[in-house]
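So the chains spell out like this:
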Amino acid sequence: MLDFTHLHPILVTDIQSHFENGLYTDAVRSAVITFNDEVKRYIKSIYELELDGADLMRKTFSRQKGLLKFSEDDTETTRNVQEGYCTIMAGVMQGIRNPVTHGNEYFSEIECAEILVMISHLLRMFDGAKVNNRIHLDGLISKIRSLGPESFIRSDRGDKRRWVVIEGTIHHIHDGQTHGRIGKLNGYLNSPRKVDGKNISSYKKGKEIVS
């Protein structure tokens, strides 16, 4: 019998009852949908992006342009971890969630237990990435507070974007209603300097806050 006390807390509700009642396929379905929905809600609340499934995981955890990082360090090891888990998470969506939600899969007790343990681990990795992201955004907010108006620029192209230049790199910020921690950044963009759209490309682009 699977010990749910060792699994991520989010799996200890309907999913546990499915498992204990022998509804193993339902437990798998609920677990993978829960994982997808947790990442989906977070990305929408912070970055205002509507993504789902494998595309959501690739956009969120991509090694090069991912929105969330498992580590702030940039080493060969951390890059390998980032790429590896991104591949696993996207694979879970494509190889497990999609078939099971279309009713094309059946899982035994052992297979179900193995998948639930894997989803629990991926949820904990996601939790760690959220912590890193909060630290990253807090750091940006702290830097923005110390900047003058000359550091804020916006294009006349009408694409409703603003940029802030921090230490020579340019970060995108939505110009308009935003949610969560990104919303705090807009409060420091009262009078951005206007520039032509062509001049934007002369800045060295940094990691995008919002794509």
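Keep in mind it's a predicted model, so treat the numbers as computed, not measured.

### With respect to the environment of Phe126
Piece 1. Looking at where Phe126 falls in the secondary structure, it is placed in helix α5 (residues 109-145).
Piece 2. For the pair Phe126 and Val39, spaced 87 residues apart in the sequence, the C-alpha separation amounts to 7.7 Å.

### Examining the nonpolar core
Piece 1. Among the nonpolar cores identified, the biggest contains 46 residues, and Phe19, Phe35, Ile43, Met57, Phe61, Leu116 and Ile119 are the most heavily contacted of them.
Piece 2. The set of elements that each furnish at least two residues to this core consists of α1 (14-20), α2 (24-47), α3 (53-61), α4 (76-101) and α5.
Piece 3. Phe61 has contacts with Val39, Gly66, Leu68, Phe70, Gln82, Cys86, Met89, Phe126 and Ala129, leaving out every residue within four places of it along the chain.

### Remarks on the pattern of salt bridges
Piece 1. The final tally for this structure, using the stated rule, is nine salt bridges.
Piece 2. Two residues, Arg97 and Asp52, come together in a salt bridge whose shortest N-O distance is 3.0 Å. Within this pair, whereas Arg97 is found in helix α4, its partner Asp52 is found in the loop between α2 and α3, the two being separated by 45 residues in sequence.
Piece 3. A residue is classified by how much of its surface remains accessible, and Arg97, at 13% relative accessible area, is buried.
Piece 4. For the salt bridge of Asp127 with Lys130, the shortest nitrogen-to-oxygen distance reads 3.6 Å. Of this pair, Asp127 and Lys130 are both found in helix α5, three residues apart, which corresponds to roughly one turn of the helix.
Piece 5. Residue classification places Asp127 among the partly exposed positions, given a relative accessible area of 29%.
Piece 6. Of the residues examined, Lys130 reaches a relative accessible area of 22% and is grouped as partly exposed.
Piece 7. A single salt-bridge network, built from bridges that share partners, covers Lys40, Lys44, Glu50, Asp52 and Arg97.

### Points about the side chain of Arg97
Piece 1. A polar atom in the side chain of Arg97 sits 3.0 Å from the side chain of Asp52.
Piece 2. A distance of 3.1 Å separates a polar atom in the side chain of Arg97 from a polar atom in the side chain of Asn98.
Piece 3. If sequence neighbours within four positions are ignored, Arg97 has contacts with Val32, Ile33, Asn36, Asp52, Gly53 and Val92.

### With respect to the packing of α2 against α3
Piece 1. For the pair α2 and α3, the least separation of the axes is 10 Å and the interaxial angle reads 55°. The orientation of α2 relative to α3 falls into the category oblique. Our pair here, α2 against α3, has a crossing hand that is left-handed. Each of Phe35, Asn36, Val39, Lys40 and Ile43 in α2 lies in contact with α3, whose residues at this interface are Gly53, Leu56, Met57, Thr60 and Phe61.
Piece 2. Here the contact of α2 with α3 is built from residues that sort into six nonpolar, three polar and one charged.

### Re the confidence of the model for the protein chain
Piece 1. Across the protein chain, the average pLDDT comes to 81, with 67% of residues at 70 or higher.
Piece 2. Across residues 175-184, confidence stays below pLDDT 50; counting only partners more than four residues off in sequence or on other chains, it has 24 contacts.

Here is what the cut-offs are and how they apply
Residues numbered from 1 in each chain as written. Predicted model: local features only at pLDDT ≥ 70, side-chain atom pairs only at ≥ 80, totals over all residues. Heavy atoms only, no water. Helix = DSSP H or I, 4+ residues; strand = E, 2+ residues; numbered from the N terminus. Core = buried A, V, L, I, M, F, W, Y, C linked by side-chain atoms within 4.5 Å. Buried < 20%, exposed > 50% of the residue type's maximum accessible area, 1.4 Å probe, protein only. Contact = heavy atoms within 4.5 Å. Salt bridge = Lys/Arg side-chain N within 4 Å of Asp/Glu carboxyl O. Polar contact = N/O pair within 3.5 Å; in protein donor to acceptor, adjacent residues only side chain to side chain. Axes fitted to C-alpha atoms, helices over the stretch in contact; angles between N-to-C directions. Parallel < 35°, antiparallel > 145°, perpendicular 65-115°, else oblique. Left-handed = near helix turned anticlockwise from the far one by under 90°. Nonpolar A, V, L, I, M, F, W, Y, C, P; charged D, E, K, R; others polar. pLDDT = per-residue confidence, 0-100.

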